[in-house]
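# Geometric and topological summary
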Amino acid sequence: MARLRTEAELTQTALANRVQSSKSQISDVERGKAPPSPRLRKALDESIGFGRLSRLWEDLTGSNRAPWLSEIASAIQDAQAVWEYQALAFPGYLQTEAYARAIVLASAPWLSPDELATSVGERVTRAKHFSEALRPLLWLVLDQSLLGRRYGGVDVTREQLEYLIELSERGRITLQIMPSDHPKHPGNAGSFRVITMKDSTELAYVESAEEGRILTSSTAVAQRRMLVGSLQGLAWEPEASLRMVRDEVKRLDSAS
């Protein structure tokens, strides 16, 4: 990308203006510090790539597989600590096989059987590694509404909740539940993670159904850290949260 920009005789600022971005974002992409969003990739290719960037992206990522999926999974595996907030589903590295299959099927019904098996297999492998490892330490805040979701049905949900209880009881994770109806709910911007690496550097990760963004600037990381603090301060404490999960399992038992 840097070579194509230079060939077009554009500065980073000039290119940023042309593609409606910022100089810092262009710099981060060129240095490999942040992946370009789909919108930015398209704009860059139209401005300086003339189709070459799209072809290169597909070659590098394999069938348009977003590299941030593998990148963030590797970062978590090598991390010292993770603070995470989730509102829609349990994190991939905490999912049971049945729950992972239900989630992938619901969110990507167009996958072939082989693609489904690969995606589920990757999650199961990450979950097994996380369960057996001592690091990263995990502080997890879940929105209360997540307890009522029934991905895969009652049996799949019960198994997933029981696995969460087991991880909590043996101290592998610290779990808190955030009341969905709190008038000052700080999680309305969506799910995110703050990750502390073994060398003490930190990054933040925000996600949506279509893409993920890895944030490395000290300002962005500090902002997500403030959100973590707000969520932990307003959420139920770990013992009360764990009782809520157990109570939900009892409700599932009575419903089956």
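Residues numbered from 1 in each chain as written. Predicted model: local features only at pLDDT ≥ 70, side-chain atom pairs only at ≥ 80, totals over all residues. Heavy atoms only, no water.

## Details of empty space enclosed by the protein
As a reminder of what qualifies: In this analysis a 1.4 Å probe is tested at points of a 1 Å grid over the protein atoms alone, and where it fits but cannot get out there is a cavity; an open set with protein on both sides within 12 Å along at least five of seven lines is a pocket; lining residues have an atom within 4 Å of a point. Grid points are joined across faces, edges and corners, and a volume is the space filled by probe spheres set on the points. A helix here means a DSSP run of H or I that spans at least four residues, while a strand means a run of E at least two residues long, and both kinds are numbered starting from the N terminus. Residue polarity is assigned by list, with Asp, Glu, Lys and Arg as charged and Ala, Val, Leu, Ile, Met, Phe, Trp, Tyr, Cys and Pro as nonpolar; anything else, Gly included, falls into the polar class.
On inspection of all chains with the given rule, the structure shows 2 cavities of 30 Å³ or more. Volume-wise, the largest cavity comes out at about 40 Å³. Residue lining of the largest cavity: Trp83, Glu84, Tyr85, Trp139, Val141, Val228, Leu231 and Gln232, and that is the complete set. Those elements that place two or more of their residues in the lining of the largest cavity are β1 (79-86), β2 (137-143) and α10 (218-234). For the second largest cavity, the calculated volume is near 30 Å³. In terms of lining residues, the second largest cavity is bounded by Phe90, Tyr99, Leu146, Arg149, Tyr151, Thr157 and Leu161. Of the residues belonging to the lining of the second largest cavity, the class tally is 5 nonpolar, 1 polar and 1 charged.

## Topic: the packing of helix α9 (residues 154-169) against helix α11 (residues 238-255)
When two helices pack together, their arrangement is given by the angle between their axes and by how far apart the axes lie. Using the following cut-off: Note on geometry: axes are C-alpha line fits, over the in-contact stretch for helices, and angles between N-to-C directions span 0 to 180 degrees. Each angle gets one of four labels, with under 35 degrees taken as roughly parallel, over 145 as roughly antiparallel, 65 to 115 as roughly perpendicular, and the rest as oblique. The sense of a crossing depends on the near helix, which, turned anticlockwise from the far helix by less than a right angle, makes the crossing left-handed and, turned clockwise, makes it right-handed. When checking whether two residues touch, look at their non-hydrogen atoms; a contact exists if any pair is within 4.5 Å.
Contact geometry of α9 with α11 gives a least axis separation of 10 Å together with a crossing angle of 155°. By the angle between their directions, the pair α9 and α11 is classed as roughly antiparallel. As for how α9 packs across α11, the hand of that crossing is left-handed. Between α9 and α11, the residues in contact are Val154, Thr157, Arg158, Leu161, Glu162, Ile165, Ser168 and Glu169 and Leu242, Val245, Arg246, Glu248, Val249, Leu252 and Asp253, respectively. Taken together, the residues of the contact of α9 with α11 break down into 7 nonpolar, 2 polar and 6 charged.

## Quick look at the confidence of the model for the protein
Caution applies to low-pLDDT parts of the model: their predicted coordinates are not meant to be read in detail. Rules: Per-residue confidence from the predictor is given as pLDDT, running between 0 and 100.
Taken residue by residue, the protein gives an average pLDDT of 89. The fraction at 70 or more is 93%. For the protein, the element scoring lowest by mean pLDDT is helix α5 (residues 52-61), at 67; strand β3 (residues 173-178) scores highest, at 98.

## Here's the deal with α11
Note the cut-off: Working rule for helices: expected span equals 1.5 Å times residues minus one. Only protein chains enter the calculation, and the probe is 1.4 Å; a residue is then buried if its accessible area is under 20% of its type maximum, exposed if over 50%, and partly exposed in between. Throughout this description, a polar contact denotes any pair of N or O atoms lying within 3.5 Å of each other; where both atoms belong to protein, one of them has to be capable of donating a hydrogen while the other can accept it, and for residues adjacent in sequence the pair is counted only when both atoms sit in side chains.
Counted at 1.5 Å a residue, the expected span for α11 with its 18 residues is 26 Å, and the 26 Å between its end C-alpha atoms agrees. Within α11 the residues assigned to the buried category are Ala240, Ser241, Leu242, Met244, Val245, Glu248, Val249 and Leu252. The elements touched by buried residues of α11 are α9 and β3. Capping of α11 at its N-terminal end is provided by Glu237; its side-chain oxygen lies 3.0 Å from the backbone amide nitrogen of Glu239.

## Regarding the nonpolar core
Condition: Definition used in this section: a nonpolar core is a set of buried Ala, Val, Leu, Ile, Met, Phe, Trp, Tyr and Cys residues joined via side-chain atoms within 4.5 Å.
Judged by nonpolar contacts, the single largest core of 36 residues is most densely connected at Ile72, Leu94, Leu138, Leu142, Leu164 and Ile195. Tallying contributions element by element places α9 first for this core, with 6 residues. Membership of the second largest hydrophobic core comes to 16 residues, among which are Ala81, Ala87, Val206 and Ala220.

## Description of the sheet that holds β3
Whenever strands of a sheet pair, they do so through backbone hydrogen bonds, lying parallel or antiparallel. Our working rule: Here, any two strands with at least 2 DSSP bridges between them count as paired.
Read across the sheet, 6 strands follow the order β3-β2-β1-β4-β5-β6 without closing on themselves; strand pairing throughout is mixed. In the strand order of this sheet, the two ends are held by β3 and β6 (212-215), each with one partner. Recorded for the sheet is a direction-independent mean angle of 15° between the axes of neighbouring strands. Inspection of the sheet shows β1 paired to β2 by 6 bridges, in the parallel sense. Bridge pairing links Val82 to Leu138 in β2. The strands touched by α9 are β2 and β3; relative to β3, the strand with the most contacts, the crossing angle is about 125°.

## Some thoughts on the packing of helix α7 (residues 97-107) against helix α8 (residues 113-132)
At a closest axis distance of 9 Å, the pairing of α7 and α8 adopts a crossing angle of 135°. When the axis of α7 is compared with that of α8, the two are oblique. Seen from above, α7 lies across α8 with right-handed handedness. Between α7 and α8, the contacting residues are Glu97, Ala100, Arg101, Ile103, Val104 and Leu105 on the first element and Leu116, Ser119, Val120, Arg123 and Val124 on the second.

## Remarks on α8
Given a rise of 1.5 Å per residue, 20 residues ought to cover 28 Å, and the 28 Å separating the end C-alpha atoms of α8 matches this to within 8%. Packed against the buried residues of α8 are α7, β2, α9 and β3.

## Observations regarding the pairing of β2
Inclusion rule: Place the viewer so that the strands point away; then a crossover is right-handed whenever the path from the first strand over the helix to the second strand goes clockwise.
Counting buried positions along β2 gives 5 out of 7 residues, so the element sits mostly inside the fold. Relative to β3, β2 runs parallel, the two sharing 6 bridges. Of the residues in β3, the one forming a bridge with Val141 is Gln176. For the handedness criterion, the β-α-β arrangement of β2, α9 and β3 is classed as right-handed.

## Points about the side chain of His185
Relative to the helices and strands, His185 resides in the loop between β3 and β4 (192-197). There is a polar contact of 2.9 Å between the side chain of His185 and the backbone nitrogen of Gly187. Discounting chain neighbours no more than four positions away, the residues touching His185 are Tyr85, Asp143, Met178, Pro179, Ser180 and Leu231.

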